[in-house]
Amino acid sequence: IKINNWMTEALENSVKTRLPHGMINCMSQGTPQVLGTRYSAVSRVSIDYKLKDLAKAKAHIEQSYINTLFQGQTVWPDHDMFHSSDPECGPLMAISKALSGAPVYLSDNPSDFTDEFIRPLALGDGKLLRPLTPGFPLPDSAMMDVYKSGKPFRVIAPLANRCAAIVVYNLFHPGNKTIKAEVTAADYAHASGMIHPYKGPWSLPAEGLVVFDWRKGTGQKLDSAYAFDLTGFSDLLLLLAPIDKGWAVIGARDKYLSPATVESVAATDATLTVKTLEGGPLVIWSANGKPTAEGIQTQDLGNGFWQFDLPQNEDGRKITLTR
């Protein structure tokens, strides 16, 4: 242990003096490493991910979030590499990396890269979209047996503009059990749990929230529980956005962390001005009728959700919607 401590101290001193851009600590869960990250700011928080190994993939996801509750107080938790081409869990791993806010690195042969799972992680210039804090378990998931309980494993992360992302997992093992799950407006309060300094739970907006199912491209006002089933090793990504003057902004539909693509929002009863980081499909919600924007094609997604198709190849811009 003494030698391990010395080696850890030597490595940390090297980070301070020779690696000004930092370092990712790999296999860093031994006590000397967990308690010795004086200068390195990013550390692994789970066992290795392994291609085509379901049991290990489930354990990797659970450990990554659970260990964030402890390690995430002093370092940014790193969720390890993944294969975007993994037939069992490529999309699940991509979404967990998005919610981690950590570096993203792929182990596929480049010829096997699966663009549909990779591109939603970043802007067109490669800059990663990140939550305000690492994703972490909701209280009901912090102390449960995710493999045998038959209950959903639920995690949350705060996003820009007082939005939040919730991912719900079925990690039951072994087998393809179907489990019931739900998300409610009360879950939103916990989004601030990892923000430092902690200023208490987020208050429910006076006009409430909307919830948007990222994969389905549909949503609703979150007046009652949003309920669903998960069968086998699977997940569901939900985006929560506050309502202000009858408007809510989801952001770019083609990115996992859609609200992170929105730089600013300004609402009045009649107008909504949104500044985006880049072009693409912008999703908003309107409580009172169809919104329009001059020269921009609009799609009705149902339940008050609308998509504005901004040119894909343009930089960020301000768009004003009227109704």
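Residues numbered from 1 in each chain as written. Predicted model: local features only at pLDDT ≥ 70, side-chain atom pairs only at ≥ 80, totals over all residues. Heavy atoms only, no water.

*Asks:* When you look at the environment of Ser 100 in this model, what are you seeing that I'm missing?
*Replies:* With respect to the secondary-structure elements, Ser 100 resides in helix α4 (residues 90-100). The buried category is assigned to Ser 100, whose relative accessible area is 1%. Placed 35 residues apart in sequence, Ser 100 and Tyr 65 show a C-alpha to C-alpha distance of 8.2 Å. Not counting residues within four places of it along the chain, the set of residues in contact with Ser 100 comprises Trp 76, Pro 77, His 79, Pro 131, Pro 134 and Gly 135. In this structure the side chain of Ser 100 is engaged in a polar contact, spanning 3.0 Å, whose partner is the backbone nitrogen of Ala 102. (Helix = DSSP H or I, 4+ residues; strand = E, 2+ residues; numbered from the N terminus. Buried < 20%, exposed > 50% of the residue type's maximum accessible area, 1.4 Å probe, protein only. Contact = heavy atoms within 4.5 Å. Polar contact = N/O pair within 3.5 Å; in protein donor to acceptor, adjacent residues only side chain to side chain.)

*Asks:* How should I be thinking about the pairing of strand β5 (residues 153-159) in this particular structure?
*Replies:* Every other side chain in a regular strand lies on the same face of the sheet, so the side chains alternate between the two faces. Counting buried residues along β5, seven of its seven residues qualify, which places the element largely inside the surrounding structure. On β5, burial covers both faces: Phe 153, Val 155, Ala 157 and Leu 159 on one face and Arg 154, Ile 156 and Pro 158 on the other are all buried. Looking at chain direction, strand β4 (residues 136-137) and β5 are connected through two bridges and run antiparallel. Bridge assignment links Pro 137 to a residue of β5, and that residue is Val 155. (Pairing = 2+ DSSP bridges.)

*Asks:* Mind showing me how you'd approach the pattern of salt bridges here?
*Replies:* Should their charged atoms come close, side chains of opposite charge can pair. Inspection of the entire model under this criterion finds eleven salt bridges. Between Asp 229 and Lys 180 there is a salt bridge; the shortest N-O distance is 3.5 Å. With a gap of 49 residues between them, Asp 229 in strand β10 (residues 226-231) and Lys 180 in strand β7 (residues 178-183) connect regions that are remote in the sequence. A relative accessible area of 44% places Asp 229 in the partly exposed class. A salt bridge links Lys 245 to Asp 244; the shortest N-O distance between them is 3.6 Å. We classify Lys 245 as partly exposed; its relative accessible area is 37%. (Salt bridge = Lys/Arg side-chain N within 4 Å of Asp/Glu carboxyl O.)

*Asks:* Even after reading the chapter, I still don't get unusual backbone geometry, so can you show me in this structure?
*Replies:* Glycine aside, a negative phi is what most residues show, and trans is what most peptide bonds show. Residue Pro 174 is bonded to the preceding His 173 through a cis peptide linkage, with omega at -5°. Mapping Pro 174 onto the fold places it in the loop between β6 (163-170) and β7. Along the chain, His 196 connects to Pro 197 via a cis peptide bond; the corresponding omega equals -5°. Positionally, Pro 197 belongs in the loop between β7 and β8 (209-213). A positive phi is found at Asn 161, a non-glycine position, where the angle reads about 60°. Residue placement: Asn 161 occurs in the loop between β5 and β6.

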